[in-house]
Amino acid sequence: MKFFFRGRSIKEGDSAHTSKLEKLKKTFLVSVLVTLSIAVIGITILTVYLVRALSINTDPLVYFHPKLTTQFYDRNGELIANLFVDEHRIYVPFEQIPSRMVEALVAIEDTSFFEHYGINPEAIGRATYKVILAGRAVEGASTITQQLVKNLLLSREKTLDRKLTEAILALRVEMSLTKEQILERYFNDIYMGHGYYGVRTAALGYFRKDLDQLTMKEIAMLAGIPRLPNFYDPTKNLQDSIARANLVLERMMLLGWISEDEYKTAITQVPEIFDDTLTRNKAPYAIDAIVKHLSVDFPDIRSGGYTVYTTIDLAMQKTAEAAIKKGYDDIKTRVEDYCRKETDRYNALLADRNIDPAKRKEEMDKISDNLGSFIVRVQPSADNNFTNYAVNDELLDAKLSQLNGALVTIKQQTGDLLALVGGADYSKSVFNRAYQSKRQLGSSFKPFIYLSAFDLGYSPASPIADISRTYKYADSEDKEEKIWRPTNFDDNFVGLMTVRDAVVVSRNLATINLVETIGLSQLFDQLSSYLPKPLIYDMTIALGAHSLSPFEFAEYWTVISNYGERMKIRVATEVIDRYGASKLYESEGVLVTKPEQAYLMINVLQDAVRRGTGRRARVANIEIAGKTGTTNDSRDAWFVGFTPDTETIVWYGNDDDSSMGPLGTGAGFSAPVFGDYYRELIKVRPELKRRFDRPAGVLEVDMGNGKKEVFTSTSKQPKRTASEATGSDSGPLF
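These figures come from a predicted structure and were not determined experimentally. (Residues numbered from 1 in each chain as written. Predicted model: local features only at pLDDT ≥ 70, side-chain atom pairs only at ≥ 80, totals over all residues. Heavy atoms only, no water.)

Asker: For this particular structure, what's the right way to read the overall build of the chain?
Answerer: Counting its regular elements, the chain contains 22 helices and 26 strands. When contacts within the chain are restricted to residue pairs at least 6 apart in sequence, long-range pairs at least 24 apart make up 68% of them. Roughly 35300 Å² of accessible area belongs to the chain as shown, and the carbon and sulfur atoms make up 53% of that amount. (Helix = DSSP H or I, 4+ residues; strand = E, 2+ residues; numbered from the N terminus. Contact = heavy atoms within 4.5 Å. Areas by Shrake-Rupley, 256 points an atom, 1.4 Å probe, with all protein chains shown as cover.)

Below is the structure:
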């Protein structure tokens, strides 16, 4: 049989050859179709991933704006605290990153970083080969750019889907940023263990050094951490961290980036590691107040990466904290001892059959009133009369747990805040009593009443009446007529006395009578010209019914302590943002009375410390002026004192605004703490000025009784002294 193909015959023997050709054609066509299909599928998959990658917003990486730590420094340049939200990160520009740090990271993480375009095909091939041989992932192939993409834009899941997206995004990022910009973002974003983000944060935290101060070994340790941050944290696994660092150093030597001598020197070193808290906050109450104060100008103060140069003096701050804590402990001990002694006296009175029953009852009632529920019956006598009492320790402890204190020190000439303590123990209570708590001022406000009187013509020698008064008023709620009978602390009165003596011994009735004589309207106008905030407009202003925080009150007091110029409190001198822009804070003051008029009050308040209610605030070899203050039922105990260049407010009280008992006075609680504080303060700051200056215009006159008095052209010597005046006089006696 013959076959014909294109005009020629083919023998039957040729049929097998023809069959092979047909099969080859089919195989080729199938291969082409499969290849095309795979290509189409690959292109489709690549297109899907490309579209997905292109849909991901890379702005967070390209326009890198992370949350940064704000650092606070004291007036002498010492770091006080790091404050941050979520991540503790102190930024460093690429120009300030040592070249050795760049080399160390590139050597161990991505040697060809400066040659590739975001992905490393050679590393991918090598990693794929090892995966095939091992049957599992044994080596990563991510470049530094890919790591940055993963950290900032993607999840951390180990899937092919994520890796493909990561690779495409890495290529996009490399087209948008320079290699230096990529490294800057990496060095500032990467987690470095121990709560540190970024290499500068880690350097300052682990080594207490900035980057330019690091040794080669310390650089290598930091470069080795990103692989496994929690494992290579040197505060947890120092030896593993060192071993990893030595691997970094070896790699750098093999690449020729460090010499063999540098390598040998570095591997033997074991750096000192510090296990610091993240904030390193040395003055938490002060920093809390400063943050609240500055947040008006800088709402992102906690996360904006600012550098804040505060006015705080850390040495004074630590002294202040110690003084408030010591005072707190001493007060608690005194109250406990008092309760036990009074309980013993109560038992002795109850058992004493020889004392007059009425007298005994009176004394026992006083003890009961003073101690309240702190004494309980514990043991019956033989005749079943409960004659033995003891302190209720549970109730007493609960009561004393409410006690706390606060302190504010400023430099009155500038308004600079030097120290602020908002409580006895920040770890137990973060509530800032110095900055947030508004408490009644009591007698510590009286000097402003008397300063007003001086500006209205009174002098320290002017006589005023210390006599009882009764006031009737309508209650604002039930409209019923009420009676107010103010008293002195000792429940008596002495008749006429000088302004000086009234201030020195803090006479309530004398102050009220002075207000009555001046007239509330005129006094209010005078006070309003001194003080920055609205005041209570009624007679209780004479006894300090106004409420302020110690921080606010410190500004009021600069009117007196700063010779008539009220200074706004300044908590910082400069704030620098992350871009280097600076905001400066200058001292702000306003003269509200003449220096010589303010000096009259300073002179009188010196006397209050020398021989009056503030005498427990005395300190040898430094002049102090000041005033105690105690509010109704001993709810607040104040001492406001100042030296020629520092002013300090000390306050103690119960957080629930309850009475502190009969011991709870400004003279008993707060003045001694002021004294203890300044005795230590002049050791810490011996350069503090010791003597007050007397302004021009102050005249000192010998009063003829062995005493001298000071006057001015406004506050003239009175025509008659208090001993010469009669009770029938009305109006000021000039």
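Asker: In this structure, what is going on with the sheet that holds strand β10 (residues 403-411)? I would like to understand it.
Answerer: Strand pairing within a sheet occurs via backbone hydrogen bonds; the two strands may be parallel or antiparallel. Read from one edge to the other, the open sheet built from five strands follows the order β11-β10-β24-β23-β22, with strand pairing classed as antiparallel. Of all strands in the sheet, those bounded by a partner on one side alone are β11 (416-421) and β22 (625-630). Between one strand axis and the next, the sheet turns through 10 degrees on average, direction left out of account. Relative to strand β23 (residues 636-642), β22 runs antiparallel, the two being bridged by six bridges. In the sheet register, T630 faces β23, and the bridge partner there is A637. Most of the contacts of helix α20 (residues 550-561) go to strand β24 (residues 647-654), to which it runs at about 140 degrees, and overall it touches β10, β11, β22, β23 and β24. (Pairing = 2+ DSSP bridges. Axes fitted to C-alpha atoms, helices over the stretch in contact; angles between N-to-C directions.)

Asker: Looking at this structure, I do not really get unusual backbone geometry. What am I missing?
Answerer: Glycine aside, the phi torsion of most residues is negative, and most peptide linkages are trans. In this structure, S506 takes a positive phi of about 55 degrees despite not being glycine. By relative accessible area, S506 is classed as buried at 12%. (Buried < 20%, exposed > 50% of the residue type's maximum accessible area, 1.4 Å probe, protein only.)

Asker: Would you mind showing me how to read helix α3 (residues 99-109) here?
Answerer: Because each turn of an α-helix spans 3.6 residues, side chains separated by three or four positions end up pointing in the same direction. α3 sits mainly inside the fold: eight of its eleven residues count as buried. Regarding α3, the residues found buried are M101, V102, A104, L105, V106, A107, I108 and E109. Buried residues belonging to α3 abut α5 (144-153), α7 (179-189), α9 (216-224) and α10 (238-254).

Asker: Would you explain the pattern of salt bridges in this entry?
Answerer: Where side chains of opposite charge bring their charged atoms close, a pairing between them can arise. Using the criterion set out here, one finds 45 salt bridges in the structure. For D330, the salt bridge goes to K326, with nearest N and O atoms at 2.9 Å. Highlighted residues: D330 and K326, both in helix α13 (residues 314-351), separated by four residues, approximately one helical turn. Here K326 falls in the partly exposed class, since its relative accessible area comes to 42%. A salt bridge links R610 to D607; the shortest N-O distance between them is 3.6 Å. Here D607 and R610 lie together in helix α21 (residues 595-611), a separation of three residues that amounts to about one turn. For R610, a relative accessible area of 44% puts it in the partly exposed group. The structure contains a network of salt bridges with shared partners spanning E342, R345, K359, E362, E363 and K366. (Salt bridge = Lys/Arg side-chain N within 4 Å of Asp/Glu carboxyl O.)

Asker: Help me understand the packing of helix α16 (residues 446-455) against α20, please; the structure alone is not making it clear to me.
Answerer: Where α16 meets α20, the closest approach of the two axes is 11 Å, and the angle between their N-to-C directions is 30 degrees. On the basis of the axis angle, α16 is roughly parallel to α20. α20 is crossed by α16, and the crossing has left-handed handedness. Where α16 approaches α20, its residues P447, F448 and L451 are matched on the opposing element by F553, Y556, W557, V559 and I560. (Parallel < 35°, antiparallel > 145°, perpendicular 65-115°, else oblique. Left-handed = near helix turned anticlockwise from the far one by under 90°.)

Asker: Help me understand the environment of H88, please; the structure alone is not making it clear to me.
Answerer: Position of H88 relative to the elements: it lies in strand β5 (residues 88-89). When the C-alpha positions of H88 and T69 are compared, they lie 5.6 Å apart, and in sequence the two are 19 residues distant. In this structure, H88 is in contact with T69, N82, G195, Y196, Y197, T201 and L278, ignoring residues within four places of it in sequence. A distance of 2.8 Å separates polar atoms of two side chains, one belonging to H88 and the other to T69. Among the polar contacts listed, one links the side chain of H88 to the backbone oxygen of L278, at a separation of 3.5 Å. (Polar contact = N/O pair within 3.5 Å; in protein donor to acceptor, adjacent residues only side chain to side chain.)

Asker: Can you walk me through the layout of surface pockets in this structure?
Answerer: If you roll a probe as big as a water molecule over the atoms, it shows you where there is empty space left. Its volume calculated, the second largest pocket comes out at about 1200 Å³. For the second largest pocket, the lining is made up of 39 residues, of which F489, N508, T630, T631 and N632 are closest to its centre. (1 Å grid on protein atoms, 1.4 Å probe; cavity = no way out; pocket = protein on both sides within 12 Å on 5 of 7 lines; lining within 4 Å. Points joined across faces, edges and corners; volume = space filled by probe spheres on them.)

Asker: Help me understand the environment of N621, please; the structure alone is not making it clear to me.
Answerer: Mapped onto the elements, N621 comes out in the loop between α21 and β22. With sequence-adjacent residues up to four places away left out, N621 is seen in contact with R690 and R691.

These figures capture arrangement, not role.
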